[in-house]
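Structural overview
Here is what each chain is made of, one letter per residue.
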Amino acid sequence: QVQLVESGGGLVQAGGSLRLSCAAPGRTLSSYAMGWFRQAPGKEREFVAAITWSGGSTYYADSVKGRFTISRDNAKNTVYLQMNSLKPEDTAVYYCAADQGTTGQFDYWGQGTQVTVSS
């Protein structure tokens, strides 16, 4: 079992920036592909971004491409989501997830961190 802990959420004005972090206390994330997802009120959870275990490849939802950047520091056991040019429609609970590569899906999930973008 891998416990993921997100941090960095908060309230920001439209056009502002936030950086989310995801860590796994006591565990190594370097062998996992990692992803960020979000869920807005009344909507289904949606994919935001993902990164391979090495950080060599990244993937983004069209809605965030060019504004968000996913990265990882395996030495610090942390994955980041830099969010720039935030819009009110980015308001959601953001979840970090880890993919161990054996099930074809993300296997472990964090509890989420709230991001609220005011207009």
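In short, a report on the structure.

Cut-off values and rules
- Residue positions are given per chain, counting from 1 as you read along its sequence in written order.
- Local features are withheld for residues below a pLDDT of 70 in this predicted model, meaning they are given only at 70 or higher, and side-chain atom pairs are given and counted only at 80 or more; totals for whole chains, interfaces and linings count all residues.
- The basis for the side-chain values is all heavy atoms of the structure; hydrogens and waters are excluded.
- The nonpolar core is taken to be a set of buried Ala, Val, Leu, Ile, Met, Phe, Trp, Tyr and Cys residues, with the residues joined through side-chain atoms within 4.5 Å.
- Per-residue accessibility, obtained with a 1.4 Å probe over protein chains only, is compared with the maximum for each type, and a residue is labelled buried under 20%, exposed over 50%, and partly exposed between these values.
- Helix numbering and strand numbering both begin at the N terminus, where a helix is a DSSP run of H or I of at least 4 residues and a strand a DSSP run of E of at least 2.
- Contacts are assigned to residue pairs that have any heavy atoms within 4.5 Å of one another.
- Strands were regarded as paired on the criterion that DSSP finds at least two bridges between them.
- Each axis is a line fitted through C-alpha atoms, and for a helix only the stretch in contact is used; angles between axes span 0 to 180 degrees, taken between their N-to-C directions.

Attention now goes to the nonpolar core. By size, the foremost hydrophobic cluster in this structure holds 30 residues, and its most contacted members are Leu4, Met34, Trp36, Leu81, Met83 and Tyr94. Mapped by element, the contributors of at least two residues to this core are strand S3 (18-23), strand S4 (33-39), strand S5 (46-51), strand S7 (68-73), strand S8 (78-83), strand S9 (92-99) and strand S11 (113-118). Per-element tally for this core: the top contributor is S9, with four residues. Once residues within four sequence positions are removed from consideration, methionine 83 is found in contact with Gly16, Ser17, Leu18, Leu20, Arg67, Phe68, Tyr94 and Val115.

For the rest of this paragraph, the subject is the sheet that holds S7. If you walk across this open sheet you meet the four strands as S1-S3-S8-S7, and the pairing is antiparallel. A strand with exactly one partner marks an edge of an open sheet, and here the two such strands are strand S1 (5-7) and S7. Pairwise comparison of adjacent strand axes, ignoring direction, gives a mean angle of 15 degrees for this sheet. When S1 meets S3, the two strands line up antiparallel, connected through three bridges.

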